[in-house]
Amino acid sequence: MHFAVQTWARQGACTALALALAAGLGAAWAHGDVTPQPVDTRTLPPVGQKWLEDNPYSKGPAQAEAVRIGASGYNQNCARCHGLEAISGGIAPDLRRLDDECTSLADEAKKNACFKEVSDYFIGTVRRGRTRDGRVYMPPFEGMLSQEALWAIKTYLESRREP
């Protein structure tokens, strides 16, 4: 009788473990199926239809509002994969470190060129998404989120840089 109880307990534990693993894998696979959520940017200065080369909200009077809106937009559209407060949980890159290489440059011209290159990469990736071997690693957000929303999210990420 003792052996039968141990076997039943082991089977129950294995079933529980299998269910937990399946739920975890389902959550990891589901991150690519996120429906983009709208971001209200009415309180930001409009930037027009043509995509800008630089973040218009990085500095100046709209920066604080862009950080506020960007935090909300990030939490609605990016945190599921990139982590709350941009701290990655391992599914996708830690976006606080997106431009780490740039911040350490002493030469101001090189630093600015580096930031420009990172902005180009960021906006290109967010607009078009990332697909590898036919699998979507990040959905495209162009047409779903406005340029103002994407730059606000970038401004929020800039505020989250690791020192």
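What counts as what
Residues numbered from 1 in each chain as written. Predicted model: local features only at pLDDT ≥ 70, side-chain atom pairs only at ≥ 80, totals over all residues. Heavy atoms only, no water. Helix = DSSP H or I, 4+ residues; strand = E, 2+ residues; numbered from the N terminus. Buried < 20%, exposed > 50% of the residue type's maximum accessible area, 1.4 Å probe, protein only. Areas by Shrake-Rupley, 256 points an atom, 1.4 Å probe, with all protein chains shown as cover. pLDDT = per-residue confidence, 0-100. Contact = heavy atoms within 4.5 Å. Salt bridge = Lys/Arg side-chain N within 4 Å of Asp/Glu carboxyl O. Axes fitted to C-alpha atoms, helices over the stretch in contact; angles between N-to-C directions. Parallel < 35°, antiparallel > 145°, perpendicular 65-115°, else oblique. Left-handed = near helix turned anticlockwise from the far one by under 90°. Polar contact = N/O pair within 3.5 Å; in protein donor to acceptor, adjacent residues only side chain to side chain. Core = buried A, V, L, I, M, F, W, Y, C linked by side-chain atoms within 4.5 Å. Pairing = 2+ DSSP bridges. Disulfide = S-S within 2.5 Å.

Asks: When you look at the overall build of the protein chain in this model, what are you seeing that I'm missing?
Replies: In terms of regular secondary structure, the protein chain is built from six helices and two strands. Helices (α) and strands (β) of the protein chain occur, in sequence order from the N terminus, as α-α-α-α-α-β-β-α. The buried share among the 163 residues of the protein chain stands at 35%. Approximately 10500 Å² of the protein chain is accessible, and the part contributed by carbon and sulfur atoms is 59%.

Asks: Would you explain the confidence of the model for the protein chain in this entry?
Replies: Segments scoring low in pLDDT should not have their predicted coordinates read at a detailed level. Residues with a pLDDT of 70 or more make up 79% of the protein chain, whose mean pLDDT is 83. Between residues 13-32, whose pLDDT stays under 50, and residues either more than four places distant or in other chains, the model counts five contacts.

Asks: Honestly, the pattern of salt bridges in this entry has me stumped. Any pointers?
Replies: Where charged atoms from two side chains of opposite charge come close, those side chains can pair. Under the counting rule described, the total for this entry stands at 11 salt bridges. Residues Glu85 and Arg160 are paired through a salt bridge, measuring 3.8 Å at the closest nitrogen-oxygen approach. With Glu85 in the loop between α3 (79-82) and α4 (100-103) and Arg160 in the segment after α6 (147-159), this pair connects stretches of sequence that are 75 residues apart. Relative accessible area serves as the criterion here: at 21%, Arg160 is assigned to the partly exposed category.

Asks: What am I meant to see in the packing of helix α5 (residues 108-128) against α6 here?
Replies: Relative orientation and spacing of two packed helices are given, respectively, by the angle between their axes and the distance between those axes. Close contact between α5 and α6 brings their axes to 11 Å; oriented N to C, the two are set at 130°. Taken together, the axes of α5 and α6 lie oblique to each other. Of the two possible hands of crossing, α5 and α6 adopt the one that is right-handed. Note on element contacts: α6 touches α5 through Leu150, Trp151, Ile153, Lys154 and Leu157, opposite Ser119, Phe122, Ile123, Val126 and Arg127.

Asks: Please clarify how the environment of His82 should be interpreted in this entry.
Replies: As for its placement among the helices and strands, His82 is situated in helix α3. Considered as a pair, His82 and Ala92 are 10 residues apart in the sequence and their alpha carbons are 5.1 Å apart. Discounting chain neighbours no more than four positions away, the residues touching His82 are Tyr74, Ile87, Ser88, Ala92, Pro93, Leu95 and Met138. Side-chain polar atoms of His82 contact the backbone oxygen of Pro93, separated by 2.8 Å.

Asks: Explain the nonpolar core here, please?
Replies: In this structure, Leu44, Tyr57, Tyr74, Leu145, Ile153 and Leu157 are the most contacted members of the largest nonpolar core, which totals 26 residues. For this core, the elements supplying multiple residues, two or more each, are α2 (63-77), α5 and α6. For this core, the element with the highest residue contribution is α6, accounting for seven residues. Those residues in contact with Ile153, other than ones at most four positions away along the chain, are Gly70, Gly73, Tyr74, Cys78, Phe122 and Leu145.

Asks: Even after reading the chapter, I still don't get the pairing of strand β2 (residues 135-138), so can you show me in this structure?
Replies: Taken residue by residue, a regular strand's side chains alternate between the two faces of the sheet. Judged from the three bridges that link them, strand β1 (residues 130-132) and β2 form a sheet pairing that is antiparallel. Counterpart to Thr131 in the pairing with β2 is Val136. Linking β1 to β2, which pair antiparallel, is a turn of two residues; within it Asp133 sits at a positive phi near 55°.

Asks: In this structure, what is going on with unusual backbone geometry? I would like to understand it.
Replies: Trans is the common state for peptide bonds, and a negative phi is the common state for residues other than glycine. Positive phi values are uncommon outside glycine, yet Ala86 reaches one of about 70°. With respect to the helices, strands and loops of the structure, Ala86 is situated in the loop between α3 and α4. Of note, the phi angle at Asp133 is positive, near 55°, even though the residue is not glycine. You can see Asp133 is positioned in the loop between β1 and β2.

Asks: I tried to follow the state of the cysteines on my own but got confused; where do I start?
Replies: Note: disulfide means a covalent bond formed between the sulfur atoms of two cysteine side chains. Per the stated rule, a full pass over the model turns up one disulfide. The disulfide partner of Cys102 is Cys114, and the gap between their sulfur atoms is 2.0 Å. Because the sign of the S-S torsion sets the handedness, a value of about -75° for the bond joining Cys102 and Cys114 places this disulfide among the left-handed ones. Of this pair, Cys102 sits in helix α4 while Cys114 sits in helix α5, and the two are 12 residues apart along the sequence. Residue Cys102 shares its accessibility class with Cys114, and that shared class is buried. With no disulfide of its own, Cys78 has Cys81 as its nearest cysteine by sulfur position, at a separation of 8.6 Å. On the accessibility criterion, Cys78 (14% relative accessible area) is buried. Note on Cys81: relative accessible area 14%, which makes it buried.

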